[in-house]
Amino acid sequence: MAAAVKADATALLATASAAHARGDASSALAALRSAVASSPSHGLAQFELGNSLLAAVEARSTTTANNNSPLDPRLAEAERAFRRALGSPSNAPIGMAYNNLANVLTLSRRTREAESLLRRGLKLQPLAYQYNGLGNLRLKRRGAAGAEEAARLFRGAIAQERSAAGCGAAPMEHAYRFNLGNALSALGRAAEARAEYAAAAALRPDSREYRAAAGAESGAAAPTTTTATATATATA
């Protein structure tokens, strides 16, 4: 019976993956909810459900960003899914689950919890995304100590991405370089910051923001921190 239930959840995961590939987010989400309903201990299904919900919230937050607005109720569902993925014995990618749960907590305005979670994830299964996420949070706290730690973390992200086989998500060294530039700028180390902005622009020459920060063009807004969110659908 248990094997049949797991097979059902695995089939529903495949259905969700196919819907995701078609760009049908609604059908993908419905399949993932059915998968975890049939097999709550299926870690990968819980992980993918969390990813789907987080992606939907992030897409909405880019157009309705407001710290005074009510929290999206999907954040609570995503948090439950990621926590269940982390508590499951099955094959959820642990490092990515820690990273993405921290993103949920950050969007839920629980940044200290997000920091603590990322530090725990870095001890258990370090990923470049985790270094970057923690660096972003430390940089937002202002002050030299936060910026210094952020710079170390962004360098850690670069080193981790170069040394690791990858985590199934897109390479983001350009973002880590840009964020390192922001940390160095906050520390008043302008020449070093420009060098990192130039490195980011070299990796992503199509980015007007990176080129502007490097001084390649004028009239752009001041740099803002770039977040590397790992929400791509994982393979079983």
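Bear in mind the structure is a predicted one, so any value in this text is a computation, not a measurement.

*Asks:* Give a description of the environment of Asn91 that names residues and reports values.
*Replies:* One can find Asn91 in the loop between helix H4 (74-86) and helix H5 (94-107). Spatially, the C-alpha atom of Asn91 lies 6.0 Å from that of Gly43, the residues being 48 residues apart in sequence.

*Asks:* Got a sec to walk through unusual backbone geometry? Specific residues and values, please.
*Replies:* Although it is not a glycine, Arg109 sits at a positive phi angle of roughly 65°. Looking at the element boundaries, Arg109 is found in the loop between H5 and helix H6 (111-124). Residue Arg109 is classed as partly exposed on the basis of its relative accessible area of 41%.

*Asks:* Hey, could you go over the packing of helix H9 (residues 173-186) against helix H10 (residues 190-203) for me, with residue numbers and the actual values?
*Replies:* Relative to each other, H9 and H10 sit at 165°, their axes nearing to 8 Å. What the angle tells us is that H9 and H10 run roughly antiparallel. Judged by the sense of rotation from one axis to the other, the crossing of H9 with H10 is left-handed. Packed against H9, whose contacting residues are Glu173, His174, Arg177, Phe178, Leu180, Gly181, Asn182, Leu184 and Ser185, the element H10 presents Glu192, Ala193, Glu196, Tyr197, Ala199, Ala200 and Leu203 at the interface. Per-class residue counts for the contact of H9 with H10 are eight nonpolar, four polar and four charged.

*Asks:* Go over the packing of helix H7 (residues 128-140) against helix H8 (residues 143-163) with me, naming the residues and quoting the values.
*Replies:* Their axes nearest at 8 Å, the elements H7 and H8 cross at an angle of 165°. In terms of orientation, H7 lies roughly antiparallel with respect to H8. For the element pair H7 and H8, the recorded crossing hand is left-handed. From H7, Ala128, Tyr131, Asn132, Leu134, Gly135, Asn136, Arg138 and Leu139 reach across to H8, where they touch Gly146, Ala147, Glu149, Ala150, Leu153, Phe154, Gly156, Ala157, Gln160 and Glu161.

*Asks:* Account for the nonpolar core, naming residues and giving values.
*Replies:* Judged by nonpolar contacts, the single largest core of 38 residues is most densely connected at Phe47, Leu49, Phe82, Val104 and Leu117. Elements with a minimum of two residues in this core: helix H1 (2-22), helix H2 (25-38), helix H3 (43-61), H4, H5, H6 and H7.

*Asks:* Account for the pattern of salt bridges, with residues named and values stated.
*Replies:* Here the structure, examined in full by the defined rule, presents 17 salt bridges. The shortest N-O distance in the salt bridge between Asp24 and Arg22 comes to 3.6 Å. Given the relative accessible area of 26%, Asp24 is considered partly exposed. On the accessibility criterion, Arg22 (57% relative accessible area) is exposed. Residues Arg138 and Glu115 are paired through a salt bridge, measuring 3.5 Å at the closest nitrogen-oxygen approach. Of this pair, Arg138 sits in helix H7 while Glu115 sits in helix H6, and the two are 23 residues apart along the sequence. Using a relative accessible area of 16% as the deciding quantity, one classes Arg138 as buried. Salt bridges linked by common partners bring Glu115, Arg119, Arg138, Arg141 and Glu149 together as one network.

*Asks:* Lay out H7 in plain terms, naming residues and giving numbers.
*Replies:* Here H7 spans 19 Å end to end across 13 residues, near enough to the 18 Å set by a 1.5 Å rise per residue. Counted residue by residue, H7 has eleven buried out of 13 residues, so it is predominantly covered. Turning to H7, its buried residues are Ala128, Tyr129, Gln130, Asn132, Gly133, Leu134, Gly135, Asn136, Leu137, Arg138 and Leu139. At the exit of H7 stands Arg142, carrying a positive phi of roughly 65°.

*Asks:* Which residues make up the packing of aromatic side chains, and what values go with them?
*Replies:* With the rule as written, the count across this model stands at three aromatic pairs. With a centroid separation of 5.5 Å and 45° between ring planes, the pair formed by Phe178 and Tyr197 is classed as tilted. Note that Phe178 is positioned in helix H9 and Tyr197 in helix H10, a separation of 19 residues in sequence. For the pair Phe178 and Tyr197, one class covers both residues: buried. Through pairs of rings, three or more aromatic residues link up here, namely Phe178, Tyr197 and Tyr210.

Conventions adopted
Sequence order sets the numbering: in each chain, residues are counted from 1 along the sequence as written. For a predicted model such as this one, the threshold for reporting local features is a pLDDT of at least 70, and the threshold for listing and counting side-chain atom pairs is 80 or more; totals across whole chains, interfaces and linings nevertheless cover every residue. Note: side-chain values were computed over all heavy atoms of the structure, leaving out hydrogens and water. Comment: elements are numbered from the N terminus, with helices defined as DSSP H or I runs of at least four residues and strands as E runs of at least two. Accessibility here uses a 1.4 Å probe with only protein chains present; expressed as a share of the type maximum, an area under 20% marks a residue as buried, one over 50% as exposed, and anything in between as partly exposed. Helix axes are fitted only over the stretch in contact, all axes being lines through C-alpha atoms; the angle between N-to-C directions runs from 0 to 180 degrees. Roughly parallel covers angles under 35 degrees, roughly antiparallel covers those over 145, roughly perpendicular covers 65 to 115, and oblique covers all other angles. Crossings are sorted by hand: turned counterclockwise from the far helix by less than a right angle, the near helix makes the crossing left-handed, and turned clockwise it makes it right-handed. Two residues form a contact once any of their heavy atoms are found within 4.5 Å. Polarity classes work like this: nonpolar for Ala, Val, Leu, Ile, Met, Phe, Trp, Tyr, Cys and Pro, charged for Asp, Glu, Lys and Arg, and polar for all others, with Gly in that last group. Among the buried residues, those of types Ala, Val, Leu, Ile, Met, Phe, Trp, Tyr and Cys that are joined through side-chain atoms within 4.5 Å form a nonpolar core. Definition used for salt bridges: Asp or Glu carboxyl oxygen within 4 Å of a side-chain nitrogen of Lys or Arg. Every helix has an expected span of 1.5 Å times one less than the residues it contains. Planes of paired rings set the category: under 30 degrees apart is stacked, over 60 is edge-to-face and the rest tilted, where pairs are Phe, Tyr or Trp rings (Trp by its six-membered ring) whose centres lie within 6.5 Å.

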